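Listed below, chain by chain, are the residues.
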Amino acid sequence: MRTFKQKALLVAKITGVLLIVLVIAFFIFRNQLLQTAIVKVTEKVKRDYNSNFSVNEANFIGLSGVDLHDVILVPNNADTIFRIERIRTDVSLMPLLLGDIQLEAMELHNGYAQMVKKGTKRNIDAFLKRKRDSTSTAIPSDKKDYARKTYKILSKALNLVPTEMKIKNMLF
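For clarity, every value in this text was computed on a predicted model and none was experimentally measured.

**Notes on unusual backbone geometry**
Not every positive phi belongs to a glycine, and Asn50 is a case in point at roughly 50°. Inspection of the secondary structure puts Asn50 in the loop between helix H1 (4–49) and strand E1 (51–61). Judged by its relative accessible area of 45%, Asn50 falls in the partly exposed class. The residue Asp70 is not glycine, and still its phi comes out positive at about 55°.

Written as structure tokens, this is what we have:
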């Protein structure tokens, strides 16, 4: 018969081994998870924004870096918004553990980004349209919390601005 101390030690060992196996499995399969995320984003852009988004090659670098090659965003029946040969970014790990994405560094190499207007049609119009939900009901103005909504939007937007950015051979 085992004592409480022996049982606690056994549970701690099993938990530690399980945690190590999960971390190793994550690092083994993280490139597949990245490819799955890119496929989901591609489908969402196609469905929600009537545009084509493609990444030719994507892989992780180090612990928190992501390297993307030949990233292209083209709205249907409009000019290309951007084409970038290489994007490398590093994500801050501590905020990521809490569920927030914060970029530490970003490098953009060889590409262009453009906004084109032909007549009344712009190539970024698909991303500027607001979706209207006919089933939503109006909330009285005293129930709206503008400060909280503004804080969420600003904090998410500012977290996506990298602390260090290198741009090489990019046209705007």
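**Observations concerning the pairing of E1**
Remember that side chains alternate between the two faces of the sheet whenever the strand is regular. Where E1 lies against strand E2 (residues 65–75), ten bridges are found, and the strand directions are antiparallel. When the sheet's bridge partners are listed, Ser51 is paired in E2 with Pro75.

**Quick notes on the environment of Met115**
Structurally, Met115 can be placed in the loop between strand E4 (103–113) and strand E5 (117–118). Sequence spacing of Met115 and Asp79 is 36 residues, and the spatial spacing of their C-alpha atoms is 8.3 Å. What Met115 contacts, discounting residues up to four positions off in sequence, is Asn123 and Ile124.

**Considerations on H1**
Over its 46 residues, H1 extends only 59 Å from the first C-alpha to the last, a length that falls short of the 68 Å expected when each residue adds 1.5 Å. Maximal helix bending in H1 amounts to about 55°, located at Phe29. Burial in H1 covers these residues: Arg30, Leu34, Ile38 and Val45. Just downstream of H1 lies Asn50, where phi reads positive at about 50°.

**Looking at the side chain of Thr80**
Along the chain, the position of Thr80 falls in the loop between E2 and strand E3 (82–91). Given a relative accessible area of 17%, Thr80 falls into the buried group. Residue contacts for Thr80: discarding those within four places in its chain leaves Ile72, Leu73, Val74, Tyr112, Gln114 and Asn123.

**A word on helix H4 (residues 146–159)**
Counted at 1.5 Å a residue, the expected span for H4 with its 14 residues is 20 Å, and the 20 Å between its end C-alpha atoms agrees. Counting buried residues along H4, only zero of its 14 residues qualify, which leaves the element largely exposed.

**Observations concerning a nonpolar patch on the surface**
On the surface, a nonpolar cluster with roughly 900 Å² of combined accessible area is contributed by Leu19, Val23, Phe26, Phe27, Leu33, Leu63, Leu93, Leu96, Ile101 and Leu160. Among the secondary structure elements, those contributing two or more residues to the nonpolar patch are H1 and helix H2 (93–97). The element best represented in the nonpolar patch is H1, accounting for five residues. If you trace the backbone, Leu93 turns up in helix H2.

**With respect to the nonpolar core**
Counting 19 residues, the largest nonpolar core has Val55 and Leu68 as the members making the most contacts within it. Among the secondary structure elements, those contributing two or more residues to this core are H1, E1, E2, E3 and E4. With four residues, E2 is the largest single contributor of residues to this core. Those residues in contact with Val55, other than ones at most four positions away along the chain, are Ile38, Leu68, His69, Asp70 and Val71.

Each value, and the rule that gives it
- Residues numbered from 1 in each chain as written.
- Predicted model: local features only at pLDDT ≥ 70, side-chain atom pairs only at ≥ 80, totals over all residues.
- Heavy atoms only, no water.
- Helix = DSSP H or I, 4+ residues; strand = E, 2+ residues; numbered from the N terminus.
- Buried < 20%, exposed > 50% of the residue type's maximum accessible area, 1.4 Å probe, protein only.
- Pairing = 2+ DSSP bridges.
- Contact = heavy atoms within 4.5 Å.
- Expected span 1.5 Å × (residues − 1).
- Bend = angle between axes of the 7 residues up to and from the residue.
- Patch = residues over 30% accessible without salt bridge, like charges linked within 9 Å, V, L, I, M, F, W, Y side chains within 5 Å.
- Areas by Shrake-Rupley, 256 points an atom, 1.4 Å probe, with all protein chains shown as cover.
- Salt bridge = Lys/Arg side-chain N within 4 Å of Asp/Glu carboxyl O.
- Core = buried A, V, L, I, M, F, W, Y, C linked by side-chain atoms within 4.5 Å.

Without other data, these values stay purely geometric and don't point to any function.
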